[in-house]
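# Survey of secondary and tertiary structure
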Amino acid sequence: MKSHDLLVIVGVAAFAALVVGAVGLALVWLVRRRSFRWQLAVVAIVPLAGAIAGATAVARMMFLSHHDLLVMTVVTSVSAVVAIGVALVVGMATARWSEALRAQVRGFGEPAPLPAAGRGPSEIRDLSDELASTQHDLQQARARERRLEESRRELVSWVSHDLRTPLSGLRAMTEALEDGLATDPQRYHRQIRAEVDRMSEMVDDLFELSRIHAGVLRLAPEPVLLGDLVSDVVAGADAVARARRVRLGGRVEDGIELLADPTGLSRVVSNLLINAIRHTPADGVVEVAGRTVDDGVELSVTDGCGGLGPEEMARVFDVAWQGGAARTPGEAGLGGGAGLGLAIVKGIVEAHRGRVWVENRDGGNGCRFLVTLPA
Ligand SMILES: Nc1ncnc2c1ncn2[C@@H]1O[C@H](COP(=O)(O)OP(=O)(O)OP(=O)(O)O)[C@@H](O)[C@H]1O
Ligand SMILES: [Mg+2]
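These numbers were taken from a predicted model, which means no experiment stands behind them.

### Points about helix 7 (residues 262-278)
Helix length check: helix 7 (17 residues) gives 24 Å between terminal C-alpha atoms against 24 Å at 1.5 Å per residue, within 8%. All buried positions along helix 7 are accounted for by G264, L265, V268, V269, N271, L272, L273, I274, N275, A276, I277 and R278.

Spelled out as structure tokens, the structure:
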């Protein structure tokens, strides 16, 4: 065949294919709102129709005999039927995958997690994985929200309980004093004073917590020497530790200075320390340590509480949450406890852009509360 003829054939075939391609695009546009399988069918048929159109045009120019054109048209038509069949099958599969995806989206807000679709093309699987992981995150956030709501309800009921009990005690004692029935008025006065102090502490905690939650906790950061601050807090807790025969130890690296609100930070250390003393059996040791780490300063309070279970680990920082035996009448110097201490610690630490968490000590006979603060 001459090269000129070849060029003519290529040109004619290209023109015919372009015309058929344009018609195909128009058809795809027309069926754009219909099922995906219609578009696939058009895509399958376009190359074959293009081949037939090209061959017909070439035949008209006498490059192809009538017989050859007929044979080619028959062969291509049979192929077209098969191609449409394949397109419909793929279209059906795509419809099934998209239906599975739709079911996943419908179940997005449901509590039961929907497994990601393990089948289908990678784009659909990726989308489905993304949906499953977002649903997981959403559920976690909801669970956390539910727990917080529960804690708030518990807080109201426990605070009323924790206030009602000492209040009725106070009333009984003042009535006895009024009626002159108190055998040891001095003891009554001391007891009334202790109860009032405890209740004021609880109200202060509640006030502090409400300020933290309202986002109006005002910090007054200044350079603080961690060693000095910890020594002061430890000295303040010494009497309580002695009374419970708990030894206080640990070491803060020399010269650690950080920018923090001294009152807030003392509160953090003191709440952690009092908790640790409270949960360590007699003759146990509580250690407070401080050191510099890559991203700032790390403070840890280690006790001999016997280890925390997974549920306790997850809830200790929740407002008003208390472990099993914690909600008992107050002990001298340790506070009655309303489950607010660690929520306050978390609020203050986070207001300092720090992090607080708890882990069990190696060997499981105690736990360690860790705080990191930016230097
Ligand atoms: N060092 C610790 N070891 C073991 N369990 C702890 C420790 N600190 C706290 N917990 C558990 O976490 C709960 C919540 O602690 P949190 O300090 O918030 O409240 P509280 O000590 O019970 O009361 P409050 O601090 O308001 O006086 C405690 O009741 C206890 O079950
Ligand atoms: Mg506490």
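### Observations concerning the pairing of strand 5 (residues 296-302)
Taking burial as the measure, the seven residues of strand 5 include seven buried ones, the bulk of the element. Connecting the antiparallel pair strand 4 (residues 285-293) and strand 5 is a turn made up of two residues. Here strand 5 runs beside strand 7 (residues 367-373); their pairing, made up of six bridges, is antiparallel. Counted as the bridge partner of T302 is R368 from strand 7.

### A look at a negative patch on the surface
Judged by side-chain charge, E123, D126, D129 and E130 come together as a negatively charged surface patch. Within the element layout of this structure, E130 appears in helix 4 (residues 122-178).

### Points about the domain arrangement of the chain
Taken as a whole, the chain is organised into domain 1 (3-109) and domain 2 (143-373). Computed from C-alpha atoms alone, the centre-to-centre distance between domain 1 and domain 2 is 75 Å.

### Regarding the packing of aromatic side chains
Applying the stated criterion across every chain yields a total of one aromatic pair. Ring centres of F317 and F369 lie 6.0 Å apart, and the angle between their planes is 75°; this geometry places the pair in the edge-to-face category. With F317 in the loop between helix 8 (310-315) and helix 9 (341-351) and F369 in strand 7, this residue pair connects regions lying 52 residues apart in the sequence. Here F317 matches F369 in class, with each residue buried. Positioned above the aromatic ring of W357 is the side chain of R355, whose terminal nitrogen or guanidinium carbon lies 4.1 Å from the ring centre.

### Quick notes on the pairing of strand 4
Successive side chains on a regular strand alternate, one facing one side of the sheet and the next facing the other. Taken together, the three bridges between strand 2 (residues 247-249) and strand 4 define a ladder with parallel strand orientation. Residue pairing for strand 4: G249 is matched across the bridge by E287. When strand 4 meets strand 5, the two strands line up antiparallel, connected through seven bridges. Within strand 5, the position partnered with R291 by the bridge is E298.

### Comments concerning the environment of G11
Here G11 lies in helix 1 (residues 3-30). Owing to a relative accessible area of 39%, G11 belongs among the partly exposed residues under this scheme. Considered as a pair, G11 and A338 are 327 residues apart in the sequence and their alpha carbons are 88 Å apart.

### Focus on the sheet that holds strand 5
One open sheet accounts for five strands, arranged 2-4-5-7-6; its pairing is mixed. Either end of the sheet is taken by a strand with one partner, and the two such strands are strand 2 and strand 6 (355-360). Adjacent strand axes in the sheet meet at a mean angle of 15°, parallel and antiparallel pairs treated alike.

### Thoughts on a nonpolar patch on the surface
A cluster of nonpolar residues, F15, V19, V23, L27, W29 and L30, forms a patch on the protein surface that exposes about 640 Å² of accessible area. The residue F15 is located in helix 1 in this model. A residue is classified by how much of its surface remains accessible, and F15, at 58% relative accessible area, is exposed.

### Structural notes on the site of ligand 1
Residues in close proximity to ligand 1 total 20 residues, the closest being N275, R278, D303, Q322 and L342. R278 places a polar side-chain atom, nitrogen or oxygen, 2.7 Å from an oxygen atom of ligand 1. For ligand 1, an oxygen atom lies 2.8 Å from a polar atom in the backbone of L340. Out of a free accessible area of 600 Å², ligand 1 has 93% covered by protein chains. When contributions to the shell around ligand 1 are tallied by element, the ones reaching two or more residues are helix 7, helix 9 and strand 7. For the shell around ligand 1, the leading source of residues is helix 7, giving three residues. Classifying every residue of the shell around ligand 1 by side-chain character gives eleven nonpolar, seven polar and two charged.

### Some points on the UniProt feature "coiled-coil region" (unreviewed entry) in the chain
The positions UniProt marks with the feature "coiled-coil region" (unreviewed entry) are residues 124-151. With 100% helix and 0% strand, the stretch residues 124-151 has end C-alpha atoms that lie 40 Å from each other.

Parameters at a glance
Residues numbered from 1 in each chain as written. Chains lettered and ligands numbered in written order. Predicted model: local features only at pLDDT ≥ 70, side-chain atom pairs only at ≥ 80, totals over all residues. Heavy atoms only, no water. Helix = DSSP H or I, 4+ residues; strand = E, 2+ residues; numbered from the N terminus. Expected span 1.5 Å × (residues − 1). Buried < 20%, exposed > 50% of the residue type's maximum accessible area, 1.4 Å probe, protein only. Pairing = 2+ DSSP bridges. Patch = residues over 30% accessible without salt bridge, like charges linked within 9 Å, V, L, I, M, F, W, Y side chains within 5 Å. Areas by Shrake-Rupley, 256 points an atom, 1.4 Å probe, with all protein chains shown as cover. Salt bridge = Lys/Arg side-chain N within 4 Å of Asp/Glu carboxyl O. Lys, Arg positive; Asp, Glu negative; His and termini not counted. Charge placed at Lys NZ, Arg CZ, Asp CG, Glu CD. Domains from an automatic or database assignment. Phe/Tyr/Trp six-rings, centres within 6.5 Å; stacked < 30°, edge-to-face > 60°. Lys NZ or Arg CZ within 6 Å of the ring centre and 35° of its normal. Axes fitted to C-alpha atoms, helices over the stretch in contact; angles between N-to-C directions. Near = heavy atom within 4 Å. Polar contact = N/O pair within 3.5 Å; in protein donor to acceptor, adjacent residues only side chain to side chain. Nonpolar A, V, L, I, M, F, W, Y, C, P; charged D, E, K, R; others polar. UniProt positions renumbered as here; feature names shortened; annotations may be inferred.

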